[in-house]
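Coordinate analysis (summary)
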Amino acid sequence: MPIQSLKGALQALLLVAIFFAGVWSQSSGVIDDFLFYLPDVQYLAVQHLWLTAISGGLAILVAIPLGIVLSRPSMTRWAESLMQVLNVGTTIPTLAVLALSMSFLGIGTVPAVFGLFVATLLPITRNTYTGLKGVDPALMEAAAGIGMSSTQRLLRVELPNALYVIFAGMRTALTINVGTVPLAFLIGAGGLGELIFTGIDLYDPVMMLAGAIPTALLAIVVDALIATVAFLLVPRGVNPSRA
C-alpha cells in the first residue's frame, strides 16, 4: 500500500507540474513561438525521417546477412576480428565519420547516409551474431536429427529463436540513428539539425528546442514502432514480452 500511495502521489505531482508548465508556456508566449516554426519542423522532419530510413534500411540489409555469415561454424576463427573492423563505426565519433565521408563523397545526402550507415551497422550485426550463437545446441541437434539441412535449420530454428535479440539490436541502432541525424546538417544534408544548430548559433532557445523536441519524439516513436513489430513477429515461445 505505501508503494501504491507513493506512485499515486508522484503521478498527481507530475500532472500538476504538466498543468503549470502548460499555463506558463501559454502566458509567456512560448507556444506561439513554437507554432511559428511549425512549417519548418514539418518540412525538416520529413528530411530527418528520410535520412533515417535510407541509412537504417541499408544497415539492416547489410548487417543481418553479415551477422548470419559470421555466425557460421566456418567463420568462428575470424568472426571477432571482423567484428572489430565494424567497431570502427562506433569507436570513432559520428561527427568525425561524417567529416571523413564528406572528404571522399562531397557535401549533401550521400556522405550523410554513408556516415549514418557505418554508425548503425555494428549493433545490428553484433546482435544478429549473438542471437544466432545463443540458440540452444539441443535444438540444433534435434533439427539435424530429423534430417533438416543447414539452410532449413537456419530458417526454421536459428532465426526464429534469434529474432528477439536481432530486433533489440535494430531498436538500439535506429533510435541512436534518429538522434544522430541532426549532425548531418553540418555537411549539408538537412534534417532537424538545421533548427538545432542555427538556434545555437543565433542563441535562440525556442528555435533550438523546435528542432530538439521533435527529434526526441521521433526517436521515441521509432523505438515504439520497432518494439510493436517485434511483439507481433517474434514467436511467443522466445518473446519475453508475450510470456
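That block above? That's the structure.
This is a predicted model, so every value here is computed, not measured.

Our next topic: the overall build of the protein. A tally of helices and strands in the protein yields 11 helices and zero strands. Counting from the amino terminus, the protein carries its helices and strands in the arrangement α-α-α-α-α-α-α-α-α-α-α. In the protein, buried positions account for 37% of the 243 residues. Taking the contacts inside the protein whose residues are at least 6 apart along the sequence as the reference set, 71% of them involve residues at least 24 apart.

What follows deals with the nonpolar core. Formed by 37 residues in total, the largest nonpolar core has its most connected members in Tyr 37 and Leu 195. For this core, the secondary structure elements donating two or more residues are helix 3 (38-71), helix 4 (79-86), helix 7 (109-133), helix 9 (150-180) and helix 11 (205-233). Among the elements that make up this core, the one with the highest residue count is helix 9 (nine residues). Those residues in contact with Tyr 37 that lie beyond four places of it in its chain are Leu 195, Asp 204, Val 206, Met 207 and Ala 210. One finds Leu 116, Ala 184, Ile 187 and Ala 189 within the second-largest nonpolar core, a separate group that totals nine residues.

Quick look at a nonpolar patch on the surface now. Taken together, the side chains of Leu 100, Phe 104, Leu 105, Val 110 and Phe 114 present a nonpolar region at the surface, about 550 Å² in accessible area. Listing elements by their share of the nonpolar patch, those giving two or more residues are helix 6 (94-105) and helix 7. Ranked by residues supplied to the nonpolar patch, first place goes to helix 6 with three residues. Here Val 110 shows up in helix 7. For Val 110, a relative accessible area of 55% corresponds to the exposed category.

Cut-offs and rules
Residues numbered from 1 in each chain as written. Predicted model: local features only at pLDDT ≥ 70, side-chain atom pairs only at ≥ 80, totals over all residues. Heavy atoms only, no water. Helix = DSSP H or I, 4+ residues; strand = E, 2+ residues; numbered from the N terminus. Buried < 20%, exposed > 50% of the residue type's maximum accessible area, 1.4 Å probe, protein only. Contact = heavy atoms within 4.5 Å. Core = buried A, V, L, I, M, F, W, Y, C linked by side-chain atoms within 4.5 Å. Patch = residues over 30% accessible without salt bridge, like charges linked within 9 Å, V, L, I, M, F, W, Y side chains within 5 Å. Areas by Shrake-Rupley, 256 points an atom, 1.4 Å probe, with all protein chains shown as cover. Salt bridge = Lys/Arg side-chain N within 4 Å of Asp/Glu carboxyl O.

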